[in-house]
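Structure at a glance
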Amino acid sequence: MISAGIVPLFVAIPLAGAFLIALFKKIKGIPDIFGVFASGSMFILSILFLLKMEITQRIVYNIGNWGGFNEVLGKIVGIQLVIDGLTIFMLLIVNFVAFIVAVYSVNYMTRYTQKWQFYCLFLLMLAGMNGVLITGDLFNLFVFVEIASLASYALVAFGTEKRELEASFKYAVMGGVASLLILMGVVFLYSYTGTLNMANMAEIMSGSEQPALIYLVFGLFLTGFGLKAAMVPFHAWLPDAHPSAPAPISAMLSGVLIKTLGVYAIARVFFTIFGFPHQISIILMTLGAMSMGVGALVALRQWDMKRLLAYSSISQIGYIMLGLGIGTPLGILGALFHLFNHSIFKSLLFLDSGAVEYAAGTRDLKEMGGLSRKLPVTSGSTLAGAMSLAGIPPFAGFWSKLIIIIAAVEANHMKLAAWAVLMSIVTIAYILKVTRFAFLGALKDRFVNIKEVPVLMRISLVLLALICIFGGLLLIPEARAAFLEPAVRVLISGMGGGV
Amino acid sequence: MNAYMPYVLCMILFSIGIYAILSKRNIIKIILGVVIAEYAVNLFLVLVAYKVGGRSAIFSETQVILPESMVDPLPHALVLTSIVIGLATTAFLIALAIRLYGKYGTFDITRMRELRG
Amino acid sequence: MSKEHDRGMSVIVKTVTRLTVGLILLYGIYIILHGHLTPGGGFAGGVIIALAFINLDLAFGGSAAAKIFSKRNTGLVEALGAVMFLTLALLGMKYGGFFDNFLHPDGNPGQLVSAGIIPLENIAISLKVGAGLFGIFLTLIVLQKFESEKK
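Everything numeric here is computed off the predicted structure, so don't read it as measured data. Residue positions are given per chain, counted from 1 along the sequence in the order it is written. By the order in which they are written, chains take letters starting at A while ligands take numbers starting at 1. Whole-chain, interface and lining totals are the exception, using all residues; otherwise, since this is a predicted model, local features are given only for residues with pLDDT of at least 70 and side-chain atom pairs are given and counted only at 80 or more.

Some points on the overall build of chain A
Tallying secondary structure elements over chain A gives 20 helices and four strands in all. Dimensions of chain A along its principal axes, counting C-alpha atoms only, are 75 × 60 × 45 Å. In this scheme every C-beta is placed from the backbone, and a residue whose C-beta has 20 or more other C-beta atoms within 10 Å is buried, one with 12 or fewer is exposed, and one in between is partly exposed. Counting every position in chain A, which comprises 499 residues, the buried fraction comes to 62%. Helix and strand assignments follow DSSP, with helices taken as H or I runs no shorter than four residues and strands as E runs no shorter than two, numbered in order from the N terminus.

Section: the overall build of chain B
Along the backbone of chain B there are three helices and zero strands. Tracing chain B from N to C terminus, the helices and strands come up as α-α-α. C-alpha atoms define the radius of gyration, and 2.2 Å times the number of residues to the power 0.38 defines the globule rule. Against the 2.2 N^0.38 benchmark of 13 Å for 117 residues, chain B shows a C-alpha radius of gyration of 20 Å, more extended than a compact globule. Oriented by its inertia axes, the alpha-carbon framework of chain B measures out at about 65 × 35 × 25 Å. Looking at chain B as a whole, 25% of its 117 residues are labelled buried. Considering only contacts in chain B between residues 6 or more positions apart, those separated by 24 or more positions represent 51%. What counts as a contact here is a pair of residues whose C-beta atoms, placed from the backbone, lie within 7 Å.

Describing the interface of chain C and chain A
Listed as interface residues are 15 residues of chain C and, on the opposing side, 13 residues of chain A. When its residues are assigned to classes, the side of chain C that touches chain A shows 10 nonpolar, four polar and one charged. Residues are grouped as follows: Ala, Val, Leu, Ile, Met, Phe, Trp, Tyr, Cys and Pro are nonpolar; Asp, Glu, Lys and Arg are charged; all remaining types, including Gly, are polar.

Regarding the interface of chain B and chain A
Each side of the interface is counted separately: chain B has 24 residues, and chain A has 26 residues. Those elements that place two or more of their residues in the side of chain B that touches chain A are helix H2 (27-48) and helix H3 (74-104) of chain B. Among the elements that take part in the side of chain B that touches chain A, H3(B) stands out by supplying 12 residues, more than any other. For the side of chain B that touches chain A, the per-class residue count stands at 17 nonpolar, three polar and four charged.

Thoughts on helix H6 (residues 162-193) of chain A
Residues and elements named next belong to chain A. Between the first and last residue of a helix there are one fewer steps than residues, each counted as 1.5 Å, and that sum is the expected span. If you check H6, its first and last C-alpha atoms are 46 Å apart, about what 32 residues at 1.5 Å a residue would give, namely 46 Å. Most of H6 is tucked away, with 26 of its 32 residues classed as buried. Just past H6, the residue glycine 194 takes up positive phi, approximately 75 degrees.

With respect to the pairing of strand S4 (residues 80-83) of chain A
All names here are of chain A. Burial along S4 is two-sided: Gln80 and Val82 and Leu81 and Ile83, pointing in opposite directions, are all buried. Strand pairing follows a simple DSSP-based rule, namely that at least 2 bridges must link the two strands. When strand S1 (residues 59-62) meets S4, the two strands line up antiparallel, connected through four bridges. Bridging across to S4, valine 60 finds its partner in valine 82.

As for the environment of A:Leu333
With respect to the element layout, A:Leu333 can be found in helix H13 (residues 329-360). Ignoring sequence-local partners within four residues, the contact set of A:Leu333 consists of A:Ile403, A:Leu484 and A:Val488.

What about the confidence of the model for chain B?
Residues and elements named next belong to chain B. Per-residue confidence from the predictor is reported as pLDDT, which spans 0 to 100. Looking at chain B, pLDDT values average 85 and 94% of them are 70 or higher. Ranking the helices and strands of chain B by mean pLDDT puts H2 first, with 92, and H3 last, with 89. Predicted complex metrics record ipTM = 0.93 and pTM = 0.92.

What about helix H5 (residues 138-156) of chain A?
For H5(A), built from 19 residues, the straight-helix expectation of 27 Å at 1.5 Å per residue is met to within 8% by its first-to-last C-alpha distance of 27 Å. Within H5(A), 19 of the 19 residues are buried, which leaves the element mostly enclosed by the surrounding structure.

What about the nonpolar core?
The nonpolar side chains of soluble globular proteins are, as a tendency, buried together. Any nonpolar core is a set of buried residues, restricted to Ala, Val, Leu, Ile, Met, Phe, Trp, Tyr and Cys, that join up through C-beta atoms within 7 Å. One finds A:Leu322, A:Leu336 and A:Ala420 to be the most contacted residues of the largest nonpolar core, which totals 259 residues. Non-local contacts of A:Ala420, meaning those with residues more than four positions away in its chain, are made with A:Met292, A:Tyr319, A:Leu322, A:Ile404, A:Ile405 and A:Ala408.

Focus on the confidence of the model for chain A
When pLDDT is averaged along chain A, the result is 88; 99% of the residues meet or exceed 70. Taking the mean pLDDT of every element in chain A, the minimum, 75, falls on strand S2 (residues 68-70) of chain A and the maximum, 93, on H5(A).

Some words on the packing of H6(A) against H2(B)
Pairs of packed helices are described in terms of their axes, by the angle between the two and the distance that separates them. What counts as an axis is a line fitted to C-alpha atoms, over the stretch in contact for a helix, and the angles between N-to-C directions run from 0 to 180 degrees. At their nearest, the axes of H6(A) and H2(B) sit 10 Å apart, and the two run at 10 degrees to each other. For the element pair H6(A) / H2(B), the angle class is roughly parallel. On H2(B), the residues touching A:Val173, A:Gly176, A:Val177, A:Leu180, A:Leu183, A:Met184, A:Val187, A:Tyr190 and A:Ser191 of H6(A) are B:Ile30, B:Val34, B:Ala37, B:Glu38, B:Val41, B:Phe44, B:Leu45 and B:Val48. Counted by class, the contact of H6(A) with H2(B) contains 14 nonpolar, two polar and one charged residues. Orientation categories follow fixed angle ranges, with anything under 35 degrees roughly parallel, anything over 145 roughly antiparallel, 65 to 115 roughly perpendicular, and all other angles oblique.

Brief notes about the environment of A:Leu473
Residue and element names in this part refer to chain A. Secondary-structure assignment places leucine 473 in the loop between helix H18 (455-470) and helix H19 (477-483). A tally of 14 C-beta atoms within 10 Å means that leucine 473 is categorised as partly exposed. Taking the C-alpha atoms as reference points, leucine 473 and alanine 396, separated by 77 residues in sequence, lie 8.0 Å from one another.

Looking at unusual backbone geometry
Residue and element names in this part refer to chain A. Here proline 393 and proline 394 are connected by a cis peptide whose omega angle stands at 5 degrees. Within the fold, proline 394 resides in the loop between helix H15 (376-390) and helix H16 (396-410). Phi is positive for alanine 230, close to 60 degrees, though the residue is something other than glycine. Overall, alanine 230 belongs to the buried group, with 28 C-beta atoms counted inside 10 Å. Despite not being glycine, asparagine 412 has its phi angle at roughly 65 degrees, a positive value.

As for the packing of helix H3 (residues 85-108) of chain A against helix H4 (residues 115-134) of chain A
Residue and element names in this part refer to chain A. Interaxial distance between H3 and H4 falls to 10 Å at its minimum, and their mutual angle equals 175 degrees. Between H3 and H4, the interaxial angle falls into the category roughly antiparallel. Mapping the contact onto sequence places Thr87, Met90, Leu91, Val94, Ala98 and Ser105 in H3 and Phe118, Leu126, Met129, Asn130, Leu133 and Ile134 in H4.

Here's the deal with the environment of B:Ala88
Structurally, the position occupied by B:Ala88 is in helix H3. Each C-alpha atom of the pair B:Ala88 and B:Ala77 lies 17 Å from the other, and the pair is 11 residues apart in sequence.

Pasting the structure below:
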C-alpha cells in the first residue's frame, strides 16, 4: 500500500520547479539542477507507485478535501485525482523519457541562449502531461492538455528562426482549434450528465439510452484528440513542428506528448466513459491503417533526418491506434507495449539526430556519411533504435508489432494484418536510409575533425539504447503482470457498454 | 422563438471562426478566427448553465434567494478558466505574428514558404 | 510646453489619466480583496491592475510605466505569485489535502476576514495575472520596437 497523499506531487513538483527556475534564473546552474532534479524525482515517484500498488488497486484523491461522493447531490463533488494501472504505466514512460531528456539537455542546450526558459517551459509541459495522466475530471484534463500544449507551442518556436516560427504558428492554430473541439465535447457531456467526473460520467452514460447527439460528441473528441495525436487526416502540423523544435523537445513531443495528449486521452475518453462502442473501433482501425500507410510512405522520400523521423511517428501512432481499435485484450496489450517501445526508440532516435547535429552541424542525410567512425556511441545507439523501429527480432519493437499483427489476425482483420506487415517492410526501408546515409559509407572530408558528443548526452543515449535492445523482456510473464497487465485490465474493464 | 436558437447561433459563430481560420491568408485574420471560435465555445459553455428566471449563485443579506432558483455556477467557473487559457493562446499567437512579420515583412501566409511537403 | 509633453498623447488624455490611474489601481485592489464576497477575485483584479499600468504606458508613451515596473520585475513578481499560490496549496497537504482550506473551515457570509486561504490565494493570483499581463504587454511593445528598428 502507498499513501494517497502524495499523488498531487506529480503536478506540484514540476510546477514548483518551473516557477523556482523563473525566480532564480540569474544564478548559474540552477536551471539545470532544478530541471534534472524535478524530472528525476518524478521518475522515482512513479517507480515507487509501480512497486507499492496492488494490481487492481485504484487510488482516488480528493483535491481540496471536498469529500468525493456527495449524498445530497448524488454525484461526485470536486476534482478527483485517480491513479490506476494505465496511469502508472503512462506516468512511468513519460517521466522516464523526461528525465533522460533533462539529463541530455544539460549539455545539448548550451547551443542556445536563455537556457532557463527552456527548462521552465519543459517542466511546465511535464506538469501538464502528468496532470493529464492523473486527473479523473474531464474539464481538468482539458486544462492540463492546454498547459502542456501551450508550453509545447513555445518550445517549438524556441529557435525563433523563420522555420521555427512558422511551424509553431501552424501548430498553435491547429492545436488551438483542437482544444476548442475538445472543450465543446466536454460541454456537451457536462450538459447531458451533469457531472465532470469521468467515473461518474461512465456510470450515467452506461445506465441510460443515449441521444443521437452522442455521435457529434464522438466526432468532436475524435477530431480534437486526433489532432493532438496527429492521426492521418489531422497530421499536417507534426512534420513541421517536431523537426523545428530543439532535439530534446522533438524527443519529448514525438516520444510522449502526442501519446499523452492524444492516445491516452482517446483511450480514457472512449474506453472509460463511452465503453468503447463498435463504431469507434472501426474508426480507430481505419484511421490507424491510414496513418500507418501515409506516414511510412511519405517518410520514404524525406532527406531531412528529423523530418523523416517525424513522419515515422505518424506511422507508428497508426500501429498503436490499430491495436487499440481491434479492442481485444491482445490488441490492447500490443498497442500499449508498442506505445512504450515507440516512446523509447523515437526519443532515442530524435536525441541521436540532435547528437549528430551537435557534432556534425547538419541533419541533411545527403550531406552526412561515414559518421560511425567518428561518433561510435551515437551511431551504435541509432542502430539499436532503428532496429527496434524497423521491427527486427529480438529488438523490442519486433515483439509489439508482432502482437498487434497477431491480434489483427485473431480478430479476423486479415487485410489490416497484411497492411501492417507491408508497412513494417516500408519502415525497414526508410530507417535503413538513415543508417546507410548517415553512418555508413565513406567519411566526408568536412567531418574529419568532429568529436563524440559530451558525456551526459552519451549516458542518456546508451540508457535508451539498452532499453530498446532488452525491452522485449517485458513480455515475460512476471514483468508483464506487473507493468503491462494492469494497464490492459483498466481499458478492458471500461469496455462493455457501448451505444 | 425556438428554445434551441441560442445554441444554433453559437454553432454558427463557431463555424464563422473556423471559416476564417481555414480560408483567410492574413495571419491576423487567422488569429481573429481562433478568437471568434473560442468565444463561441465560451458562450456555449455559459448557455449550458442558463435557466429561465435564474439568479447568480451568491447569497445576499438583503433578499432571500432560494437555491432552486440559482443557476448552475460550475460552468461559470469553467468559462473563466477557459477564457484565461484563451488569453494565453491569443497572446502567444500575437507574439508569433509580430516575430513572423519581422522575419518576412508581410502578414500573408502564402508568402511564407520555408516549410513544405 | 515642457519636455514631458513630447511623447504620448495629448494633454487632456494625460491629465485624465493622472487623475484616474490611482482610482483604477484602487478598484483593482478592492476587487482582489473582496474576491471571496462579491463577483471578481484574483484574476479580474489582476487584469484591472495591469490595465492601470498599461493605461500609463499608453497615455505617457514609451516607457513611462516600465520605469516603475520593469520587464524583468514583472517576470519575478509573476514567478513569486505562482510560487506563493503553490505554497499555499502544498501547505494544505499538511492539514488534510492538496488545496485544503486550512485556516477557516467555515467562513462567515459577508465578513471580509473569512474564507480561510481563499483571499490569500486571490492575492497570489492577482500578482501572477497582473504582472503576467503587463509583462505580455511590455513584451509585445519591445518586439514591435525591435522589429521596426531593424527595417
